[in-house]
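# Architecture at a glance
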Amino acid sequence: MSEAREAILARIRSALHDVPPSEQPQDSPVKRDYLTQGSTERAQLIERFTDRLVDYKAKVRHVSAEELAAAIAQSCAEHGVKRLVVPSDLPQSWWPSDVEILVDRDFSLSYDELDRSDGVLTACAIGVAQTGTIILDSGEAQGRRAISLVPDYHLCVVRADQIVDLVPEAVSNLRSAVLDHRRPITFISGPSATSDIELNRVEGVHGPRTLEVLIVVS
Amino acid sequence: MRPNSVVIELTPKFEKAAKQALENTQLRRNMGKATQTIRAKRAAVVGELPDWQALREAGRAIKERTLRHLDHYLLQLEESVKRAGGHVHWARDASEANRIITNIVRVHQAREVIKIKSLTTDEIRLNKALKEAGITATETDLAELIIQLAGEHSSHILVPAIHKNRSEIRELFMRTLGVKELSDNPKDLAAAARAYLRHKFLTTPVAISGANFAIAESGTIGIVESEGNGRMCLTLPKVLISVMGIEKILPTWQDLEVFLQLLPRSSTGERMNPYTSFWTGVTRDDGPQEFHLVLLDNGRSQVLADEIGRQTLNCIRCSACLNICPVYERTGGHAYGSVYPGPIGAILTPQLVGVEHASSLPYASSLCGACYEVCPVKINIPEVLVHLRAKVVREKQDHGGLKGKLDPENLAMQAMSRMFSNRVAYEAAQRMGQKGQWPMVKDGYITSLPGLLGGWTAMRDLQALPQETFRDWWRKRKKQEEKASE
Ligand code: SF4
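Note that this is a predicted model, so its numbers are computed, not measured.

### A few points about the overall build of chain A
What chain A contains, in helices and strands, is six helices and twelve strands. On C-alpha atoms alone, chain A measures out to a radius of gyration of 21 Å, which is more than a quarter above the 17 Å that the 2.2 N^0.38 rule sets for 218 residues. By principal-axis analysis of the C-alpha atoms, chain A measures approximately 70 × 45 × 45 Å. Here chain A holds 218 residues, and 56% of them are scored as buried. Of all intrachain contacts in chain A linking residues separated by at least 6 positions in sequence, the fraction that spans at least 24 positions is 72%. Summed over all atoms, the accessible surface of chain A reaches about 9400 Å², with 45% contributed by carbon and sulfur. Considering chain A, the positive charge centre built from 23 side chains and the negative charge centre built from 33 side chains are found 3 Å apart.

Right, dumping it as structure tokens:
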């Protein structure tokens, strides 16, 4: 083992001279008496999620399951999307016609191809109402991270039953994806933004400059 | 043994630097506007959470547990990262960390790397070390890019280019990025940076980042950001190197439920920052296929050894204490002359480099206590400041003969430090102050230590505004903000 490792560990152990050797980590108390479970009704949850997304300047529409395909096609048309990136396991019924579909089959799309596309369509893992956050966990119909990052327009489909109220609920739902599957996780709360110039908020820096969310309500 | 990295040449006397900063009116205007805006936003989103105090307490307690068992958690983290396909390196100090990183870059024969803003890499002066090795490091945060192109140091943990206005940035971009036509509209300026950096993101093979969180049980690293340059650096290059201070560790994934609430609300005043990325080692076909984690001590184990100073390592670098600090607002970050400015810098830097090398920094505060109130992990900054002042005085005494020993400042500081060293006594003093029974405490804040603080008195003379005492100004500022937030 490296010399530095042993030295640092020795320094730490001697620095912690006041911690009794018998003390276990869990002996150092952590009270978790903050909220871990929301109590909001589903309809209100969807409303709050929507409000917060709009607050971040994301575009949001509510659609029924039957309307979804048409809504996707409409969004693509409105944004002039001609070449649309999709993960390979995205339902084919979502594919808009009149648009060239770039399927990321076996992760084969190059960065250049992603860069030259007009947008990307994905599902998501979780929506968080409290913060207006969309969470991708590289699971079903989400694809690898690069495809939802490089294109300039991200169209994301959220099912109403994927929306939770609070951040702790989302963290807890992700546990298995992280601990059992080691999947990368991305939290998205509105399009990228900077306030670096005189604290003026500019939406859209390096990620997709436009984020559009379709919430599928039943 | 002292780490030699947070270099002394970077730590001029606070008083002198602050005077220069105060004379720069542009800086003062920008700082004022910036800190005011962030303060109001923070207050609003913190006010939204009924359980904010419970979250703060949990944050503090999780950090305390982590620090009391840091060796255990570091070993667990090392094992988790390795199991997930990552490499772990240990660095005692800055030069060791820089050597490790430079070697990794060299192995890949890369001449250029892209970077995500990271105070830790600033602390070890990584860019300079890379440059000496013939490697160009391109900063990808807009503000950092501005700073880098201008060849300056950052003035604020979170908005490093706060001292530059739009026309200065426009002029800089036209001069350095080869842009011919450019307005001073922030949107156009951001677009110019996007165009410049995009090619680098798509082609540079190695990225270097810091880390906001590292989860011991899973080996997961987290980065919180706004612009998307973080996601770019964490996703597109083949090789990723993350440098983290050993205190950034959290025991469990669940702990993030606390910190993902505390950090964004405290730092940018948002319910959630635009992007947060988590990755665990290497994922096949997704993101970098080689991952290195560098664990940096560089003085931290020394901070850990001080039972009062230890809480400094709770810090999650949110910068709330900077934005609330009247001294910081009036002097700007450059005045602190260290990588970590503001109240946190005033306690962290002297502990990392040793008080004898930054002896004026613990005096760069009025001890008003506002920083403690906003700190999401409940670092009692005034307590640590007073403790460090006592150390400075002791240091002087040890090297100043009998005169030093009988110095009234020294004697009074010792008494104060005894009081502050005890949380209960300190809180009792605050309560007494609220009832007007304690001479140094007004309105619930520790306001001044009468006649004691030579360093601070000198500062106060420098920074009095015409016809307005510091106290009046502070009170007025508070009132205005209360009104604004109604
Ligand atoms: S000391 Fe507290 S308030 Fe200041 S940056 Fe650190 S965590 Fe934030």
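Once you've had a look at it, read on.
### Considerations on the overall build of chain B
Secondary structure assignment for chain B yields 23 helices and twelve strands. The proportion of buried residues among the 486 residues of chain B is 64%. Within chain B, contacts between residues at least 6 apart in sequence are counted, and of these 75% link residues at least 24 apart. Carbon and sulfur atoms provide 51% of the accessible area of chain B, an area that totals close to 17600 Å².

### A closer look at the sheet that holds strand β10 (residues 290–296) of chain B
Residue and element names in this part refer to chain B. Ordered in space as β1-β10-β7-β4-β2-β3, the six strands form an open sheet in which the pairing is parallel. Each edge of the sheet is formed by a strand with only one pairing partner; in this case those strands are β1 (87–91) and β3 (136–139). Direction aside, the axes of adjacent strands within the sheet are offset by 25° on average. Set on the sheet, helix α4 (residues 70–83) makes contact with β1, β7 (239–245) and β10; between it and β1 the angle comes to about 145°.

### Section: the interface of chain B and chain A
When the parts of a complex come together, some accessible area is lost, and that lost area is often taken as the interface size. Every contact between the two is made by 100 residues of chain B and, on the other side, 80 residues of chain A. In this assembly, chain B packs against chain A so that about 7900 Å² is buried in total across both faces, 57% of it on carbon and sulfur atoms. Summed over the shared surface of chain B and chain A, the result is 13 salt bridges. We note a salt bridge from B:Asp255 to A:Arg32, for which the minimum N-O separation is 2.5 Å. Broken down by element, the residue count for the side of chain B that touches chain A peaks at eleven residues, all from helix α10 (residues 186–203) of chain B. Residue composition of the side of chain B that touches chain A, grouped by class: 49 nonpolar, 21 polar and 30 charged. Looking at chain direction, strand β9 (residues 185–188) of chain A and strand β9 (residues 275–280) of chain B are connected through four bridges and run antiparallel. Paired with A:Ile188 across the strands is B:Tyr275, a residue of β9(B).

### A look at the pairing of strand β7 (residues 153–159) of chain A
All names here are of chain A. Across the seven residues of β7, six count as buried, placing the element largely inside the fold. Across three bridges, the pairing between strand β4 (residues 119–122) and β7 is parallel. The residue of β7 that forms the bridge with Leu121 is Leu155. One ladder, built from seven bridges, connects β7 with strand β12 (residues 210–216); its direction is parallel. Bridge pairing links Leu155 to Glu212 in β12.

### Topic: the site of the ligand
As a structural note, the neighbourhood of the ligand is formed by B:Cys315, B:Ile316, B:Arg317, B:Cys318, B:Ser319, B:Cys321, B:Ile344, B:Cys375, B:Pro376, B:Val377, B:Ile379 and B:Ile381. Split into classes, the residues belonging to the shell around the ligand amount to ten nonpolar, one polar and one charged.

### Focus on the pattern of salt bridges
Two side chains that carry opposite charge are able to pair once their charged atoms sit near each other. Counted according to the given criterion, the structure contains 37 salt bridges over all chains. The salt bridge involving A:Glu3 is made with B:Arg92; its shortest N-O contact spans 3.4 Å. A residue pair is termed interchain when its members come from two chains, as with A:Glu3 in helix α1 (residues 3–15) and B:Arg92 in the loop between β1 and α5 (94–107). On the accessibility criterion, B:Arg92 (21% relative accessible area) is partly exposed. As a salt-bridge pair, A:Glu100 and A:Arg83 come within 3.1 Å of each other at their nearest N and O atoms. Of the two residues, A:Glu100 is situated in strand β3 (residues 100–103) and A:Arg83 in strand β2 (residues 83–86); the sequence distance between them amounts to 17 residues. The exposure class of A:Arg83 is partly exposed, given its relative accessible area of 22%.

### Structural notes on the packing of aromatic side chains
All names here are of chain B. Applying the stated criterion to the full structure yields four aromatic pairs over all chains. For the pair Phe213 and Phe259, a centre-to-centre distance of 6.2 Å together with 55° between the ring planes defines the contact as tilted. Highlighted residues: Phe213 in strand β5 (residues 213–215) and Phe259 in helix α12 (residues 256–267), separated in sequence by 46 residues. Residue Phe259 is classed as buried on the basis of its relative accessible area of 0%. Considering the side-chain rings of Trp253 and Phe278, the 5.1 Å spacing of their centres and the 75° angle between planes classify their relative orientation as edge-to-face. A residue pair is termed long-range when its members are at least 10 positions apart, and Trp253 in the loop between β8 (249–250) and α12 and Phe278 in strand β9 qualify at 25 residues.

### Some details on the environment of B:Ser366
All names here are of chain B. For Ser366, the position within the fold is in the loop between α16 (342–353) and α17 (370–374). Classification of Ser366 by relative accessible area gives buried; the value is 7%. Each C-alpha atom, one on Ser366 and one on Leu119, is 25 Å from the other, the two residues being 247 residues apart in sequence.

### Details of the confidence of the model for chain B
All names here are of chain B. Counting all residues, the mean pLDDT for chain B is 79, and 71% of those residues have values of 70 or more. Taken together, the stretch residues 1–12 has pLDDT below 50 and engages in 34 contacts with residues farther than four places along the chain or on a different chain. Per-residue pLDDT stays below 50 along residues 408–471; that stretch engages in 109 contacts with residues further than four places along the chain or on separate chains. ipTM for the predicted complex: 0.96, alongside a pTM of 0.85.

### Observations regarding unusual backbone geometry
Despite not being glycine, A:Ser138 has its phi angle at roughly 60°, a positive value. Structurally, the position occupied by A:Ser138 is in the loop between β6 (133–136) and β7. Judged by relative accessible area, A:Ser138 falls into the partly exposed class, the value being 21%. Even without being a glycine, B:Arg125 presents a positive backbone phi close to 55°. Along the polypeptide, B:Arg125 turns up in the loop between α6 (119–123) and α7 (126–132).

### Describing the side chain of B:Arg265
Assignment of secondary structure puts B:Arg265 in helix α12. Here the side chain of B:Arg265 touches B:Val45 through a polar contact of 3.0 Å, landing on its backbone oxygen. Those residues in contact with B:Arg265 that lie beyond four places of it in its chain are A:Gln130, A:Thr131, B:Arg42, B:Val45, B:Val46, B:Glu48, B:Leu49, B:Trp52, B:Glu270 and B:Arg271.

### Focus on the packing of helix α9 (residues 166–176) of chain B against α10(B)
All names here are of chain B. It is at 11 Å that the axes of α9 and α10 come closest, and there the two elements cross at 30°. In terms of their interaxial angle, α9 and α10 are classed as roughly parallel. Relative to α10, the crossing made by α9 is left-handed. Between α9, through Arg166, Ile169, Arg170 and Phe173, and α10, the contact on the second element is made entirely by Pro186, Leu189, Ala192 and Ala193. A class-by-class count of the residues in the contact of α9 with α10 yields six nonpolar, no polar and two charged.

Cut-off values and rules
Think of each chain on its own: its residues are numbered from 1, step by step along the sequence as written. Here chains are named by letter from A upward and ligands by number from 1 upward, in the order in which they appear as written. A pLDDT threshold of at least 70 governs which residues receive local features in this predicted model, and a stricter bar of 80 or more applies before side-chain atom pairs are shown or counted, although totals over entire chains, interfaces and linings include all residues. To get the side-chain values, take all heavy atoms of the structure and skip hydrogens and water. Helix and strand labels come from DSSP, where a helix needs a run of H or I of at least four residues and a strand needs a run of E of at least two; each type is numbered from the N terminus. We compute the radius of gyration over the C-alpha atoms and compare it with the globule rule, which gives 2.2 Å times the number of residues raised to the power 0.38. Only protein chains enter the area calculation, which uses a 1.4 Å probe; residues under 20% of their type maximum are buried, those over 50% are exposed, and those in between are partly exposed. Only heavy atoms matter for contacts: two residues are in contact if any of them lie within 4.5 Å across the pair. For every accessible area listed, the method is Shrake-Rupley and the probe measures 1.4 Å; residues are considered covered only by the protein chains on display. Counting rule for charge: Lys and Arg are taken as positive, Asp and Glu as negative, and neither His nor the chain ends is counted. By convention, the point assigned to a charge is CZ for Arg, NZ for Lys, CD for Glu and CG for Asp. When DSSP finds two or more bridges between a pair of strands, those strands are recorded as paired. Think of each axis as a best-fit line through the C-alpha atoms, taken over the contacting stretch in the case of a helix, with angles from 0 to 180 degrees between the N-to-C directions. By buried area we mean the combined loss of accessible area, with a 1.4 Å probe, across both parts when two parts are placed together. Counted as salt bridges are all cases of a side-chain nitrogen of Lys or Arg within 4 Å of a carboxyl oxygen of Asp or Glu. Polar here means any residue other than Ala, Val, Leu, Ile, Met, Phe, Trp, Tyr, Cys and Pro, which are nonpolar, and Asp, Glu, Lys and Arg, which are charged; Gly is therefore polar. Definition of nearness: a residue and a molecule or strand are near each other if at least one heavy atom of the residue lies within 4 Å of the molecule or strand. Aromatic rings from Phe, Tyr and Trp, with only the six-membered ring used for Trp, were paired whenever their centres fell within 6.5 Å, and each pair was classed as stacked if the ring planes differed by under 30 degrees, edge-to-face if by over 60, and tilted otherwise. Confidence scores per residue from the predictor, reported as pLDDT, run from 0 to 100. Think of a polar contact as two N or O atoms within 3.5 Å of one another; within protein, one of them needs to be a possible hydrogen donor and the other a possible acceptor, and neighboring residues in sequence only count if both atoms come from side chains. Orientation categories follow fixed angle ranges, with anything under 35 degrees roughly parallel, anything over 145 roughly antiparallel, 65 to 115 roughly perpendicular, and all other angles oblique. Rotating anticlockwise by less than a right angle from the far helix to the near helix defines a left-handed crossing, while the corresponding clockwise rotation defines a right-handed one.

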